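A look at the structure
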Amino acid sequence: MNQTKLFKYISFKKVYNIICVYLGYQLSSIFKTVILWGYPYSLTTEPTNRCNLNCLECPSGNNSSKAPKGEMDFEKYKKIIDDVKNYIIFQMLYFQGEPFLHAGLFKMIKYSDDNRIYSSISTNGHFLTAENNIKIIKSGLKRIIISVDGVIQESYEKYRVGGNLNTVLKGIEDLVEAKRKSKSIYPKIIIQFLMFRHNEHEIPKIKALCKELSVDKLEFKSAQINNFKNFVLIPKINKYARYKKHNSNYLIKSKLKNKCLRIWSTMVITQDGSLIPCCFDKNNKYKIGNIINSDTLKLWESDTFKNFRQKILKNRKSVEMCCNCSEGLSK
């Protein structure tokens, strides 16, 4: 984001809030008691948890998620934004599912942008049609992360089951061209390459492909594994593996310290309006409440959420979802 554009999304109130949140978090970490100063400055909202693909380790794609399927209606979304807009700087319009399956997605993006929230989306890239690419640019979306986990169909579809690499690459090419024609610098186009054992040898080729496509950035990401029967997915390159072998099992490489900035800074709301502690709660197991019958910020300050934060400060390893968290990974 260049400097002139950045000023649209920040204010003295938002900056002051970030300082308060961070100070409260640091003091909480030191004294091991919850000190909550300020409100979230980052927001994750889930347009839908439905998906067109069947990715092996994705709870939405492989139908292992216990969360009910559905999509967020606009009035519910509008309530969330109206409740938090004075504090939120950044929003990820994605949690589980494929956001472009939501018919009202562009309206949601525009509403956030009109309310000075910098919005990003993560997608599998199968809906980057000529029409949608124009809508993406006009909506005010600032960043789009597109998953490309292979440079040939054979390696790509090993994880992205049901996906078509050519469709994704054609969509990226068209989006780059649409940006050029409209003379827009947004959205920033980021290719995300999930690292697996079957594609780790393709690193030089994906770098060359991204240069050829003229995208803004390439990011390598360690893959989350939920079913260790699929251990063959874990890359051999240690730098890109989220797990290490321990006896006959695999463990997260994170040190799992008794603190977590995410639950002091980021609000995560699912398609049905449930507030959950973080994006690792794939089954909504640790639900705090629902924004439908409560003020969104009051849920943030609720005793239920306070008790959860206290549990993290005391014994983070006792919380199941935290044991697969990538925050604090050792290299």
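First, a word on what this report is: a plain description of the structure on this page.

Cut-offs and rules
Residues numbered from 1 in each chain as written. Predicted model: local features only at pLDDT ≥ 70, side-chain atom pairs only at ≥ 80, totals over all residues. Heavy atoms only, no water. Salt bridge = Lys/Arg side-chain N within 4 Å of Asp/Glu carboxyl O. Helix = DSSP H or I, 4+ residues; strand = E, 2+ residues; numbered from the N terminus. Expected span 1.5 Å × (residues − 1). Buried < 20%, exposed > 50% of the residue type's maximum accessible area, 1.4 Å probe, protein only. Contact = heavy atoms within 4.5 Å. Pairing = 2+ DSSP bridges. Axes fitted to C-alpha atoms, helices over the stretch in contact; angles between N-to-C directions.

Further remarks concern the pattern of salt bridges. By the definition in use, this model includes 13 salt bridges. The closest approach of N and O atoms between Asp113 and Lys8, which form a salt bridge, is 3.0 Å. Linking Asp113 in helix H4 (residues 105–114) with Lys8 in the loop between helix H1 (3–6) and helix H2 (12–31), this pair joins segments that are 105 residues apart in sequence. Between Asp73 and Lys76 there is a salt bridge whose closest N-O contact spans 4.0 Å. Linked by salt bridges that have partners in common, Lys8, Asp113 and Lys142 make up one network.

Here we come to helix H11 (residues 303–315). Residue pairs spaced three or four apart in an α-helix point in one direction, given the helix's 3.6 residues per turn. The terminal C-alpha atoms of H11, which comprises 13 residues, lie 18 Å apart, in line with the 18 Å expected from a rise of 1.5 Å per residue. When H11 is considered as a whole, its buried residues turn out to be Phe305, Phe308, Arg309, Gln310, Ile312 and Leu313. Its buried side turned inward, H11 meets H2, helix H9 (262–265), strand E10 (274–276) and helix H10 (296–300).

Here the focus is the sheet that holds E10. In spatial order, the strands read E6-E5-E4-E3-E2-E1-E9-E10-E11; together these nine strands make up an open sheet with mixed pairing. The outermost strands of the open sheet, each flanked by one partner alone, are strand E6 (217–222) and strand E11 (289–290). As paired strands, strand E2 (residues 90–92) and strand E3 (residues 118–123) are joined by three bridges and run parallel to one another. When the bridges of E3 are listed, Phe90 appears paired with Tyr118. Here helix H3 (residues 74–84) sits on the sheet in contact with strand E1 (42–45), E2 and strand E9 (266–269), set at roughly 175° to E1.

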